[in-house]
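Structural overview for review
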Amino acid sequence: STPEEEVRAWVSQGHERAESKDRRALVGMIAPTYSDARGNSRDDIENMFRAVFLRQKKVALITRIDEIQVYADTAAKVSLDVGMAGSDSNVLGFGADAYQFEMELEKDGNDWLLISARWAQVGQELR
């Protein structure tokens with residue numbers, strides 16, 4: 001498979017793991033050295049997953065890849081939009097948001113790992 005196909009499979013795998021609320025498997029897709037402009041580490045991202053998964057009884061995602069750029073077959077930048085819906089215990093029992101992500105990946109052996117990301121609600125500036 002081509003590096004672009006591998007990155008598409010990585011996104012699909014992340015989608016499945018998020019919907020099944022498999023936090024450990026999701027964190028395994030993130031490089032131990034992860035850092036972003038917000039000052040988050042891999043542990044901080046894991047804590048974000050933990051909080052979302054604890055609040056939501058069910059998670060449903062709709063992902064759309066806008067662009068994949070591959071560099072020398074070992075690095076990639078992925079731009080995607082994600083619609084997130086979940087059921088929780090609020091008054092309506094349902095919440096939904098739409099986010100845009102720009103993720104940087106690096107190939108480590110046979111695995112692609114997230115090394116940094118920027119995100120924002122759709123219509124807002126990525127940070």
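The preceding data block contains the structure.
The present account deals with the structure reproduced in this document. (Residues numbered from 1 in each chain as written. Predicted model: local features only at pLDDT ≥ 70, side-chain atom pairs only at ≥ 80, totals over all residues. Heavy atoms only, no water.)

By size, the foremost hydrophobic cluster in this structure holds 24 residues, and its most contacted members are Trp-10, Val-78, Met-103, Leu-105 and Leu-114. Those elements that place two or more of their residues in this core are helix 1 (3–19), helix 3 (42–55), strand 1 (58–71), strand 2 (75–87), strand 3 (94–108) and strand 4 (111–121). Every residue in contact with Val-78, bar those within four places of it in the chain, is listed here: Val-7, Val-11, Ile-65, Glu-67, Ile-68, Phe-101, Glu-102, Met-103 and Leu-105. (Core = buried A, V, L, I, M, F, W, Y, C linked by side-chain atoms within 4.5 Å. Buried < 20%, exposed > 50% of the residue type's maximum accessible area, 1.4 Å probe, protein only. Helix = DSSP H or I, 4+ residues; strand = E, 2+ residues; numbered from the N terminus. Contact = heavy atoms within 4.5 Å.)

With that settled, the discussion passes to the environment of Arg-50. Within the secondary structure layout, Arg-50 lies in helix 3. Note: C-alpha distance between Arg-50 and Asp-22 (28 residues apart in sequence) is 9.7 Å. A polar atom in the side chain of Arg-50 sits 2.5 Å from the side chain of Asn-47. (Polar contact = N/O pair within 3.5 Å; in protein donor to acceptor, adjacent residues only side chain to side chain.)

Now for the pattern of salt bridges. Scanning the entire structure with this criterion turns up 7 salt bridges. Residues Arg-50 and Glu-46 are paired through a salt bridge, measuring 3.8 Å at the closest nitrogen-oxygen approach. Of this pair, Arg-50 and Glu-46 both sit in helix 3, 4 residues apart, which is roughly one turn of that helix. What makes Arg-50 partly exposed here is its relative accessible area of 32%. A relative accessible area of 18% means that Glu-46 is categorised as buried. (Salt bridge = Lys/Arg side-chain N within 4 Å of Asp/Glu carboxyl O.)

Here we come to unusual backbone geometry. For Lys-21, which is not glycine, the phi dihedral falls at a positive 60 degrees. With respect to the element layout, Lys-21 can be found in the loop between helix 1 and helix 2 (23–27). In this structure, Ala-72 takes a positive phi of about 55 degrees despite not being glycine. Topologically, Ala-72 is positioned in the loop between strand 1 and strand 2. Assessed through its relative accessible area of 72%, Ala-72 is described here as exposed.

Note on placement: Asp-81 falls in strand 2. Since its relative accessible area comes to 18%, Asp-81 is described here as buried. Side chain to side chain, Asp-81 and Arg-64 meet in a polar contact 2.5 Å long. Excluding anything up to four places from it in sequence, Asp-81 contacts Ile-62, Thr-63, Arg-64, Asp-66, Tyr-99 and Gln-100.

Taken as a whole and assessed by the stated rule, the structure comprises 3 aromatic pairs. Each ring, one from Tyr-99 and one from Phe-101, has its centre 6.3 Å from the other, and the planes form 45 degrees; the classification is tilted. By relative accessible area, Tyr-99 is classed as partly exposed at 21%. A residue is classified by how much of its surface remains accessible, and Phe-101, at 19% relative accessible area, is buried. Taken together, the ring pairs in this structure connect Tyr-99, Phe-101 and Trp-119 into an aromatic cluster. Positioned above the aromatic ring of Trp-119 is the side chain of Arg-38, whose terminal nitrogen or guanidinium carbon lies 4.1 Å from the ring centre. (Phe/Tyr/Trp six-rings, centres within 6.5 Å; stacked < 30°, edge-to-face > 60°. Lys NZ or Arg CZ within 6 Å of the ring centre and 35° of its normal.)

Treat this as a map of the structure, not an account of what it does.
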